[in-house]
Amino acid sequence: MNKQELIAKIVKDTGATKVLVGKVIDGTIENIGKALKMGDTVPFVGFGTFKTSIRKARVARNPRTGEAI
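Residues numbered from 1 in each chain as written. Predicted model: local features only at pLDDT ≥ 70, side-chain atom pairs only at ≥ 80, totals over all residues. Heavy atoms only, no water.

Undergrad: Can you walk me through the pattern of salt bridges in this structure?
TA: A side chain of one charge can pair with a side chain of the opposite charge if their charged atoms are brought near each other. Going through the model one piece at a time under the given rule, you end up with three salt bridges. A salt bridge links Glu30 to Lys34; the shortest N-O distance between them is 3.3 Å. In this pair, Glu30 and Lys34 are both assigned in helix H2 (residues 18-37), four residues apart and thus about one turn of the helix distant. (Salt bridge = Lys/Arg side-chain N within 4 Å of Asp/Glu carboxyl O. Helix = DSSP H or I, 4+ residues; strand = E, 2+ residues; numbered from the N terminus.)

Undergrad: Just checking my understanding: could you explain a nonpolar patch on the surface for this structure?
TA: The grouping of Phe44, Phe47 and Phe50 at the surface amounts to a nonpolar patch, some 320 Å² of accessible area in total. Positionally, Phe47 belongs in the loop between strand E1 (42-44) and strand E2 (48-50). When its relative accessible area of 67% is taken as the criterion, Phe47 is described as exposed. (Patch = residues over 30% accessible without salt bridge, like charges linked within 9 Å, V, L, I, M, F, W, Y side chains within 5 Å. Areas by Shrake-Rupley, 256 points an atom, 1.4 Å probe, with all protein chains shown as cover. Buried < 20%, exposed > 50% of the residue type's maximum accessible area, 1.4 Å probe, protein only.)

Undergrad: I'm lost on the environment of Lys9 in this one. Help?
TA: Looking at where Lys9 falls in the secondary structure, it is placed in helix H1 (residues 3-14). According to the relative accessible area criterion, Lys9 is partly exposed, its value standing at 41%. The spatial distance from the C-alpha of Lys9 to the C-alpha of Glu67 is 45 Å, given a sequence separation of 58 residues.

Undergrad: Sorry, what's going on with H2 here?
TA: Counting along an α-helix, one turn takes 3.6 residues, and residues three or four places apart therefore face a common direction. The terminal C-alpha atoms of H2, which comprises 20 residues, lie 29 Å apart, in line with the 28 Å expected from a rise of 1.5 Å per residue. Along H2, the residues classified as buried are Val21, Gly22, Ile25, Ile32, Ala35 and Leu36. Mapping the buried residues of H2 onto a view down its axis gives an arc of 165°, with all of them on the same face. Along H2, the residues that are exposed and aim more than 90 degrees away from the buried face are Val19, Lys23 and Lys37. Residues of H2 that are buried make contact with H1, E1 and E2. One or two steps after H2, the chain reaches Gly39, where phi turns positive at roughly 90°. (Expected span 1.5 Å × (residues − 1). Arc of directions from axis to C-beta. Contact = heavy atoms within 4.5 Å.)

In short, the description is geometric, and any link to function would need to be established separately.
Here it is in structure tokens:
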């Protein structure tokens, strides 16, 4: 499901306008991103948890040349 499909489903289920639902979804995603940038964890009971993690660097390879990046 992409963003437009999600908006259409919510509009159908709630009767709200497409513009309003789009703004709510954009605002939600923006605020989740801001919280993650500040190092917070964002839990949604019954859905999942958004959080950041630190991973060790790794060597990637250019698929055409095989050169390490």
